[in-house]
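In case you want the letters, here they are:
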Amino acid sequence: DLVPISKEIVIPFANHRFIIGQKGAGIRKMMDEFDVNIAVPPPEKQEEVVVVTGPVKHVEAALEALRKRNDEIEADNEDRKLRQFEMILNVANKYHPKLIGRRGAVIQKLRDEHGVNIQVPPANIPADDERANQIRLIGYEKKCEKAKAAIDAIVKELEDQVTLEVEIDNRVHRRIIGPKGKTVRKLMDQFKVDLRFPRQDSNLVVITGIEDNCEACKDHLLVLQDEYMEEVHERAEEQDLMQSYMNPARKNQNQNNVFGFVVAGAPWSQD
């Protein structure tokens, strides 16, 4: 029982590196555990025969452990192949920014929900290049199919969108947008639309989304405009009164015009 023997086991060369482990940690652990020597052929030879040397019982136990480890590696390899399934979707590149979302929020949510890798072509690819429309899905086939269905639904919704323009007095734009855009984001979430305000002194506001949602949002914006414009007019009247009070020349002019005319810069009187 104590006489050392050597036995061979065939393990695919591609699996050797997994048995050896990082910096040889895997093979050392196995040799220490079973008190045997395991000789793996050098990589340059690419041979499949592994030799185990030691007492009979130790060798048999080590061989069994090697078979089990090899089966695990083969299962991982097969699973890895299944995870590498690829599917290519042709989606018009004009929809890609919406699929990506603000700071990548939409595409990251799709990745997390479906457990697939979603690759969108880089923006520097010319629009007339067919690759510019190709979105690649990588993962288990069933999960890719579900991710494809989710993306198709988003694209269908984008295709059904319309764009409406509405004139909103630019003096109330800031009020509608709110501090750091907080108020307008709530409106967009509420009506499920996208709102774009002009950068210059224009009144044109652009609403994008499903037609019914856009119409509802447009009506709401017009109501807000009426409400906020009342405040604008009230503030303007208050400012006029304040300027009149703070400007004596204007105040005197108003007094001089009590009787409708001025004589030598002073109000006319019987005295």
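Residues numbered from 1 in each chain as written. Predicted model: local features only at pLDDT ≥ 70, side-chain atom pairs only at ≥ 80, totals over all residues. Heavy atoms only, no water.

A few points about unusual backbone geometry
Condition: When a residue's accessible area, from a 1.4 Å probe over protein chains only, is under 20% of the maximum for its type it is buried; when over 50% it is exposed; and in between it is partly exposed.
Although it is not a glycine, arginine 103 adopts a positive phi angle of roughly 55°. The exposed category is assigned to arginine 103, whose relative accessible area is 86%.

Topic: the confidence of the model for the chain
So the rule is basically this: Each residue carries a pLDDT score, the predictor's confidence in it, ranging from 0 to 100. Residue contacts are counted whenever heavy atoms from the two residues lie within 4.5 Å of one another.
Mean pLDDT for the chain: 88, with 89% of residues reaching 70 or above. Overall, residues 257-271 carries pLDDT values under 50, and its contacts beyond four positions in sequence, including any with other chains, amount to 9 contacts.

Structural notes on the pattern of salt bridges
Test applied: Salt bridges, as used here, are contacts in which a Lys or Arg side-chain nitrogen is within 4 Å of a carboxyl oxygen on Asp or Glu. By definition, any uninterrupted DSSP run of H or I lasting at least four residues is a helix, any uninterrupted run of E lasting at least two residues is a strand, and each is numbered from the N terminus.
Within the structure shown, the criterion is met by 11 salt bridges. For lysine 7, the salt bridge is made with glutamate 60, and the minimal N-O distance between the two is 2.4 Å. Of this pair, lysine 7 sits in strand 1 (residues 5-10) while glutamate 60 sits in helix 3 (residues 56-83), placing them 53 residues apart in sequence. Since its relative accessible area comes to 32%, lysine 7 is described here as partly exposed.

Looking at a positive patch on the surface
Test applied: Patches here: salt-bridge-free residues with over 30% relative accessible area, like charges joined within 9 Å, nonpolar side chains (Val, Leu, Ile, Met, Phe, Trp, Tyr) joined within 5 Å. For accessible areas, the Shrake-Rupley method is used with a probe of radius 1.4 Å. Any residue's cover is judged against the shown protein chains and nothing else. Working convention for charge: Lys and Arg count positive, Asp and Glu count negative, and His plus the chain ends are omitted. To locate a charge, take atom NZ for lysine, CZ for arginine, CG for aspartate or CD for glutamate.
Taken together, Lys98, Arg102, Arg103, Lys182, Arg185 and Lys186 make up a surface patch of like positive charges. As for its placement among the helices and strands, arginine 102 is situated in the loop between helix 4 (96-100) and helix 5 (105-114). Under the relative-accessibility criterion, arginine 102 is labelled exposed at 62%.

Brief notes about the sheet that holds strand 1
In plain terms, the rule: If DSSP finds at least two bridges between two strands, the strands pair. Axis definition: a line fitted to C-alpha atoms, over the contacting stretch in the case of helices. Angles run 0 to 180 degrees between N-to-C directions.
A sheet is described by the order of its strands in space; here 3 strands give the open sequence 1-3-2, paired in antiparallel fashion. The sheet terminates laterally at strand 1 and strand 2 (37-39), the two strands that pair on one side only. For this sheet, the mean angle separating the axes of adjacent strands, direction not counted, is 20°. With 6 bridges joining them, strand 1 and strand 3 (residues 49-54) adopt antiparallel strand pairing. Among the inter-strand pairings, glutamate 8 is bridged to a residue of strand 3, identified as valine 51.

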